[in-house]
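The residues making up each chain are set out below.
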Amino acid sequence: INELMASNETVMMDPQGEFDDWIELLNVTGAQVDLSGWYLSDNPDNPRKWEFPAGTVIEANGYLLIWADEDGNAPEGLHASFKLSADGEFLSLASPDDLDNQIMDQVEFGPQEQDISLGRVSGVDSAYESLVPTPGTPNL
């Protein structure tokens, strides 16, 4: 989980033209990663809340954007079955069922400012910081 925005009012529209919450994943490896069957969740008691569709991949050293807007039937884009709370909450990435749904990454965050993202600046294990949003590009 590289960056997230829980209060998107003017930064970026989803393919349906709505300013929805978003989550950005970063593949820090030199190989493509298949996320088919992996999960995102905003509920620590239910790590399997939203499953990535079959065929979802992140290219080597690439980014993947997921809209957190409860719009799972949208014809374009990846849309999780939950929204992020601007008041703060929990977000996790869990491995697929055959790997026992292990939590591979997670973040707990407090209240978020409008149009300010939360992201890692200096690597996979670094702390999250408030940022000028940089979806699909390195965090600055």
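Let me begin by describing the structure that accompanies this report. (Residues numbered from 1 in each chain as written. Predicted model: local features only at pLDDT ≥ 70, side-chain atom pairs only at ≥ 80, totals over all residues. Heavy atoms only, no water.)

1. Observations regarding the environment of Gln106
Applicable threshold: We count a stretch as a helix when DSSP gives it H or I for four or more residues in a row; a strand needs E for two or more, and each element gets its number in order from the N terminus.
Relative to the elements of secondary structure, Gln106 occurs in strand E10 (residues 103-109). Considered as a pair, Gln106 and Phe90 are 16 residues apart in the sequence and their alpha carbons are 7.3 Å apart.

2. Topic: the layout of surface pockets
Selection criterion: Only protein atoms enter the 1 Å grid used here, on which a cavity is any set of points holding a 1.4 Å probe that cannot leave and a pocket is any open set flanked by protein within 12 Å on both sides along at least five of seven lines; residues with an atom within 4 Å of a point are listed as lining. Grid points are joined across faces, edges and corners, and a volume is the space filled by probe spheres set on the points. When residue character is reported, Ala, Val, Leu, Ile, Met, Phe, Trp, Tyr, Cys and Pro are called nonpolar, Asp, Glu, Lys and Arg charged, and the others, Gly included, polar.
Here the largest pocket is characterised by a volume of approximately 440 Å³. What lines the largest pocket is a set of 22 residues, among which Ile1, Leu26, Asn27, Val28 and Asp105 lie closest to the centre. For the lining of the largest pocket, the secondary-structure elements that each account for two or more residues are strand E2 (21-26) and E10. Classifying every residue of the lining of the largest pocket gives 14 nonpolar, six polar and two charged.

3. Focus on the sheet that holds E10
Counted only if it meets this: Two strands form a pair only when DSSP identifies at least two bridges running between them.
Ordered in space as E5-E4-E9-E10, the four strands form an open sheet in which the pairing is antiparallel. Strands at the two margins of the open sheet, each flanked by one partner only, are strand E5 (50-51) and E10. Pairing of strand E4 (residues 39-41) with strand E9 (residues 89-94) involves three bridges; the strand directions are antiparallel. Residue pairing across strands places Ser41 opposite Ser92, the latter belonging to E9.

4. Observations concerning the pattern of salt bridges
Which entries qualify depends on this criterion: Salt bridges are counted wherever a side-chain nitrogen of Lys or Arg sits within 4 Å of a carboxyl oxygen of Asp or Glu. Partly exposed residues are those whose accessible area sits between 20% and 50% of the maximum for their type, while under 20% is buried and over 50% is exposed, using a 1.4 Å probe and protein chains only.
Enumeration according to the criterion identifies three salt bridges in this entry. Arg48 serves as the salt-bridge partner of Asp97, at 3.0 Å between the closest nitrogen and oxygen. In this pair, Asp97 sits in the loop between E9 and E10 while Arg48 sits in the loop between E4 and E5, placing the two residues 49 residues apart along the sequence. Taking relative accessible area as the criterion, Asp97 reaches 40% and is therefore assigned partly exposed. On the basis of relative accessibility, which here comes to 42%, the residue Arg48 falls in the partly exposed class. Arg120 serves as the salt-bridge partner of Asp105, at 2.8 Å between the closest nitrogen and oxygen. Here Asp105, found in strand E10, pairs with Arg120, found in strand E11 (residues 117-120); they are 15 residues apart in sequence, far enough to count as distant. Taking the relative accessible area as the measure of exposure, Asp105 reaches 15% and is therefore buried. Since its relative accessible area comes to 10%, Arg120 is described here as buried.

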